[in-house]
Amino acid sequence: MSKDPKSPRSKKLKRAPAGRARVKRATGAGRPKLSVATPDTEVRILDAALELFSRRGFSSVTTKDIADATGFNPALIYYYFGSKEELFRRAVTLAVERAFEQFRISRQGHEQPREILYGWLDTHILQYDTISKLVMISIDYAKTAKRKSRLDEAIHQFYNEEREVLREALSAGIARGDFRNVDVAETATFISTYLDGVFVRAIVLKKFDPVAAIKQLRSFLDTHLGEPQPESERL
């Protein structure tokens, strides 16, 4: 007995392949569905990654961990970043950018070398949480057996830019007569190393006060560089 091609059962069977094809196009490989994305999606993912990488380390954190922390599908994270390594690099870069953006804000209206120098110290107080995460990530990543140059460069970016800020401020202060004729490279390295030590000590000793330690560095530099003199006395 022949089947009626117009029967409901026959129509359903004919529509099924097209329906399956539509589902495959929606969920197959390629650009993921972005209906859950928001304007701040990338920043939310980077913030979660920065937090996890700083607490658990680069090797221990998976893309799924970051997806779980943000509520986003792992496919969306891969769409934005492509790999865990790139996500790590972008998270570190974001931390560096935030620190130096705060420094640029802090130094607005300040032209004197001493103010610029102390503005960098103040940045470590105002951006303490971000820089602390950056330090923890750097310490952990230094132990990684298979390091990648692009990730090393992202971490070194902070120290390279810090060195330029410190050297420029110190050189300008000496040229103006604001500072004694100290060794610029040596003093810049000392300041950078001291600040690193403050953050590491705060990680190890929970009762340690990093803000007080940074303020003590400022007092030390006043003595080491020479107390600021009134403009009339320098003339």
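Treat the numbers as computed from the prediction; the structure is a model and nothing was measured.

(A) Representation of the packing of helix H6 (residues 113–126) against helix H8 (residues 149–176). Between H6 and H8, the shortest axis-to-axis distance is 8 Å and the interhelical angle comes to 150 degrees. As judged from the angle between their axes, H6 and H8 are roughly antiparallel. As for the relative orientation of H6 and H8, their crossing is left-handed in sense. Contact residues: H6 offers Pro113, Ile116, Leu117, Trp120 and His124, while H8 offers Phe158, Glu162, Val165, Leu166, Ala169, Leu170, Ala172, Gly173 and Arg176. Taken together, the residues that form the contact of H6 with H8 break down as 10 nonpolar, two polar and two charged.

(B) Here's a closer look at the pattern of salt bridges. All told, the structure shown has 15 salt bridges when counted by the stated rule. Among the ionic pairs, Glu86 bridges to Arg89, the shortest N-O distance being 2.7 Å. Note that Glu86 and Arg89 are positioned in helix H5 (residues 84–106) at a spacing of three residues, about one turn of the helix. We classify Glu86 as buried; its relative accessible area is 15%. Taken together, the shared-partner salt bridges connect Glu51, Arg55, Asp129 and Lys133 into one network.

(C) Spotlight on the nonpolar core. Core analysis: the largest hydrophobic core is formed by 55 residues, its most contacted members being Ile66 and Leu117. Here this core gets 10 residues from one element, more than from any other, and that element is H5.

(D) Structural detail: a nonpolar patch on the surface. Together, Ile139, Val200, Val204 and Leu205 make up an exposed nonpolar region whose accessible area comes to about 320 Å². The topology assignment puts Leu205 in the loop between helix H9 (184–204) and helix H10 (210–225). Of the residues examined, Leu205 reaches a relative accessible area of 38% and is grouped as partly exposed.

(E) Seen up close, the environment of Ile137. Topologically, Ile137 is positioned in helix H7 (residues 128–141). The residues contacting Ile137, other than those within four sequence positions of it, are Leu50, Phe53, Ser54, Phe88 and Val92.

(F) Just the packing of aromatic side chains, in detail. Taken as a whole, this structure holds 15 aromatic pairs when the rule is applied. Centre to centre, the rings of Phe53 and Phe58 are 5.9 Å apart; their planes meet at 35 degrees, and the pair counts as tilted. A relative accessible area of 1% means that Phe53 is categorised as buried. With centroids separated by 4.9 Å and ring planes inclined at 20 degrees, the aromatic side chains of Tyr128 and Phe199 adopt a geometry described as stacked. In this pair, Tyr128 is assigned in helix H7 and Phe199 in helix H9, connecting sequence segments 71 residues apart. Exposure remark for Tyr128: the relative accessible area of 26% places this residue in the partly exposed category. Judged by relative accessible area, Phe199 falls into the buried class, the value being 0%.

Reading the values: the criteria
Residues numbered from 1 in each chain as written. Predicted model: local features only at pLDDT ≥ 70, side-chain atom pairs only at ≥ 80, totals over all residues. Heavy atoms only, no water. Axes fitted to C-alpha atoms, helices over the stretch in contact; angles between N-to-C directions. Helix = DSSP H or I, 4+ residues; strand = E, 2+ residues; numbered from the N terminus. Parallel < 35°, antiparallel > 145°, perpendicular 65-115°, else oblique. Left-handed = near helix turned anticlockwise from the far one by under 90°. Contact = heavy atoms within 4.5 Å. Nonpolar A, V, L, I, M, F, W, Y, C, P; charged D, E, K, R; others polar. Salt bridge = Lys/Arg side-chain N within 4 Å of Asp/Glu carboxyl O. Buried < 20%, exposed > 50% of the residue type's maximum accessible area, 1.4 Å probe, protein only. Core = buried A, V, L, I, M, F, W, Y, C linked by side-chain atoms within 4.5 Å. Patch = residues over 30% accessible without salt bridge, like charges linked within 9 Å, V, L, I, M, F, W, Y side chains within 5 Å. Areas by Shrake-Rupley, 256 points an atom, 1.4 Å probe, with all protein chains shown as cover. Phe/Tyr/Trp six-rings, centres within 6.5 Å; stacked < 30°, edge-to-face > 60°.

Geometric values such as these leave the question of function open.
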